[in-house]
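# Coordinate analysis (summary)
These are the residues of each chain, in order.
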Amino acid sequence: MTIACIEMLSFGLAHLARAAHSCGERLALLTGVEPLYLHELATLPPGTIDVIPVDTHDRQAVGKALRAIGDLRGLISSTDTWGVTGAELAAELGLPGIDPAVIRLARDKARVRDLLHRSGLSRVVPFPVDDVASVSLDQLASAVGLPAVVKDTAGTSSANVWLVRDADDLARLRREAADAALFGSLFAEPFLPGPVYSAETVTWAGQTRLLGLSSRLMSAQPWFREDVTAFPVALPPDELREIEAWAGAVLAALGYTDRFAHIEIAMAIDGPQLIEVNPRIGGALVGEAMCRALGVNVYAGLVDLALGRRPRLLDAALSGGPAVAFVLAYPQQAGELVAVHGIDDLHRYPGQPRWYPTKAIGARIAHVADGRGYAGIVLAEGPTAEIATHRAVAAAGAVHVRTRQSC
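Treat the numbers as computed from the prediction; the structure is a model and nothing was measured.

A separate point is the overall build of the protein chain. When helices and strands are counted, the protein chain shows 12 helices and 19 strands. On C-alpha atoms alone, the protein chain measures out to a radius of gyration of 21 Å, which is about the 22 Å that the 2.2 N^0.38 rule sets for 407 residues. If one aligns the C-alpha atoms of the protein chain with their principal axes, the spans along those axes are about 60 × 50 × 50 Å. Expressed as a percentage of the 407 residues in the protein chain, the buried residues total 55%.

This is the structure we're talking about:
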């Protein structure tokens, strides 16, 4: 029997394949960008995954490819871009899955903001920015206060997010947003001052378990680039229980019944404040970090959910392994990726650091101020998330990503 996956995050495919095989299922990957997965596919014996080339932006072609799998038992679509498509096709094919309307809601950050405010779970009210060319500082100050954050309702990877503090920031917003490729529309919300974390959760039949918190060290303002992540964050047990209850209430308000979630929060003076809800496992190496730190293959939860059964993760003892941290390696300037120096030196650093490439030599890197721009990731382990972070940052200092500007 077969479980199909419509695309995947950059990493996690090998863990997912092993989880499917342990349940006696084959895994089929529908993809239009097979080179994205070459690093992971190279770690598996040939034939472990059935790779089905298809234009995954063509919904009709994806549906046809899925119907051609005679023994299809489940469908996984654990990405932002294909989340709605996957939920809709699962419903059409009579496969287990979450209500597509819930994923449509979760993918609209402004609607989520509005619903949670009306439910008393967020103090933030979204303000639609229908015409970025005419929006004024006075309007933003009156609607959400300054500094304000203006972003894409359906954005991802920290792309198309602008901090507006003054007239210079507003001018930059107008200039850059005019040429931006948006997935939704723009809206404004208050800037939430405080460290950023993500609650990594799994939910079944309305019951939510907090698997742990991942930290997020961000670039300097006005950018929102994610630079360093660590898991699991050692908050006091009472605070973790409070966040677990709060995250469960947030997901329940969205009608979110059976899914992983990656809930970004700012720990403000008045407690956790929602940044956004992502209906998936965390990106980059969050899934890898959870597998190592929790001592289980968390991707088995994706298989369980695809088969319509209670995820074993909800009841598993998560005694765990080492804490994990990783650093996203960006070039200093946009251009053609020509080299990554220092990888051969990683073995000299503590924490068993490892390099995970995300772009091939020759790739064009157009953005260096958000998550579209990193060429790879340095991951390291430690007895605590704090020590793992120190080790990952030290090792990443040896790595230099070099680009060449086009003539």
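This paragraph deals with the sheet that holds strand 10 (residues 207–218). Pairing within the open sheet is antiparallel, and its 8 strands lie in the order 13-12-9-10-11-14-18-16. What marks the edges here is a single partner per strand, and that holds for strand 13 (271–278) and strand 16 (354–357). With direction set aside, neighbouring strand axes in the sheet form an average angle of 30°. Pairing of strand 9 (residues 196–204) with strand 10 involves 9 bridges; the strand directions are antiparallel. Considered in strand 10, the bridge of Val-202 is made with Arg-209. Running at roughly 20° to strand 11 (residues 226–231), helix 10 (residues 286–294) makes contact with strand 9, strand 10, strand 11, strand 14 (323–329), strand 16 and strand 18 (376–382) of the sheet.

With that settled, the discussion passes to the side chain of Glu-381. Relative to the helices and strands, Glu-381 is located in strand 18. Since its relative accessible area comes to 15%, Glu-381 is described here as buried. Here Arg-292 takes part through its side chain, which lies 2.7 Å from a polar atom of the side chain of Glu-381. Sequence-distant contacts of Glu-381, that is, excluding residues within four places in its chain, are made with Arg-292, Pro-322, Ala-323, Val-324, Gly-351, Gln-352, Ala-388 and Arg-391.

Turning our attention to the nonpolar core. Across soluble globular proteins, you tend to see nonpolar side chains buried next to one another. Ranked by size, the top nonpolar core spans 49 residues in total, and within it Leu-16, Leu-27 and Ile-377 carry the most contacts. Of all the secondary structure elements, the ones that give two or more residues to this core are strand 1 (2–6), helix 1 (13–22), strand 2 (26–31), strand 9, helix 10, helix 11 (300–306), strand 14 and strand 18. For Ile-377, the contacting residues outside a window of four places in its chain are Phe-11, Ala-284, Leu-285, Phe-326, Val-327, Leu-328, Arg-354, Trp-355, Tyr-356 and Thr-358. Ile-103, Tyr-256, Ile-265 and Val-277 belong to the second largest nonpolar core, which has 27 residues in total.

What links the strands of a sheet is backbone hydrogen bonding, and the strands pair in either a parallel or an antiparallel sense. Overall, parallel pairing links the 4 strands, which are arranged 3-2-1-4 in an open sheet. Either end of the sheet is taken by a strand with one partner, and the two such strands are strand 3 (49–53) and strand 4 (72–76). Direction aside, neighbouring strands of the sheet carry axes that sit 25° apart on average. With 4 bridges joining them, strand 1 and strand 4 adopt parallel strand pairing. Bridging across to strand 4, Ile-3 finds its partner in Gly-74. The sheet strands contacting helix 1 are strand 1, strand 2, strand 3 and strand 4, and the helix crosses strand 2 at an angle near 145°.

On to the side chain of Glu-264, then. Here Glu-264 lies in strand 12 (residues 259–268). A polar contact is formed between the side chain of Glu-264 and the side chain of Asn-278, at a distance of 3.5 Å. Aside from chain neighbours lying at most four places away, what touches Glu-264 is Tyr-197, Ser-198, Glu-226, Gln-273, Leu-274, Ile-275, Glu-276 and Asn-278.

This paragraph deals with the pattern of salt bridges. Tallying each qualifying case throughout the model produces 25 salt bridges. Notably, a salt bridge pairs Arg-104 with Glu-88, separated by 3.0 Å at the nearest N-O pair. Here Glu-88 lies in helix 4 (residues 83–92) and Arg-104 lies in helix 5 (residues 100–106), a separation of 16 residues in the sequence. Between Asp-169 and Arg-165 there is a salt bridge, with its nearest N and O atoms 2.6 Å apart. The class of Asp-169 is buried, set by a relative accessible area of 5%. Taken together, the shared-partner salt bridges in this structure form one network comprising Arg-59, Arg-67, Glu-88, Glu-92 and Arg-104.

Before going further, it helps to examine the packing of helix 3 (residues 59–67) against helix 4. In the contact formed by helix 3 and helix 4, the axes pass within 11 Å of each other and the chain directions differ by 45°. It follows from the interaxial angle that helix 3 and helix 4 lie oblique. Two packed elements cross with a definite hand, and for helix 3 against helix 4 that hand is right-handed. Contact with helix 3, carried on its side by Arg-59, Val-62, Gly-63, Leu-66 and Arg-67, involves Thr-85, Glu-88, Leu-89 and Glu-92 of helix 4 and no other residues of that element. Taken together, the residues that form the contact of helix 3 with helix 4 break down as 3 nonpolar, 2 polar and 4 charged.

All right, on to unusual backbone geometry then. The bulk of non-glycine residues show a negative phi, and the bulk of peptide bonds are trans. A cis amide bond links Leu-146 with the next residue in sequence, Pro-147, at an omega value of 0°. Along the polypeptide, Pro-147 turns up in the loop between helix 7 (137–143) and strand 6 (148–152). Following Phe-231, the chain continues into Pro-232 via a peptide bond in cis, with omega recorded as -5°. Within the secondary structure, Pro-232 is located in the loop between strand 11 and helix 9 (237–253). Within the chain, Asn-160 stands out as a residue other than glycine whose phi angle is a positive 55°. Within the secondary structure, Asn-160 sits in the loop between strand 6 and strand 7 (161–164). Of note in the backbone geometry, Ala-205 takes a positive phi value of approximately 50° without being a glycine.

Criteria and cut-off values
- Residues numbered from 1 in each chain as written.
- Predicted model: local features only at pLDDT ≥ 70, side-chain atom pairs only at ≥ 80, totals over all residues.
- Heavy atoms only, no water.
- Helix = DSSP H or I, 4+ residues; strand = E, 2+ residues; numbered from the N terminus.
- Rg over C-alpha atoms; globule rule 2.2 N^0.38 Å.
- Buried < 20%, exposed > 50% of the residue type's maximum accessible area, 1.4 Å probe, protein only.
- Pairing = 2+ DSSP bridges.
- Axes fitted to C-alpha atoms, helices over the stretch in contact; angles between N-to-C directions.
- Contact = heavy atoms within 4.5 Å.
- Polar contact = N/O pair within 3.5 Å; in protein donor to acceptor, adjacent residues only side chain to side chain.
- Core = buried A, V, L, I, M, F, W, Y, C linked by side-chain atoms within 4.5 Å.
- Salt bridge = Lys/Arg side-chain N within 4 Å of Asp/Glu carboxyl O.
- Parallel < 35°, antiparallel > 145°, perpendicular 65-115°, else oblique.
- Left-handed = near helix turned anticlockwise from the far one by under 90°.
- Nonpolar A, V, L, I, M, F, W, Y, C, P; charged D, E, K, R; others polar.

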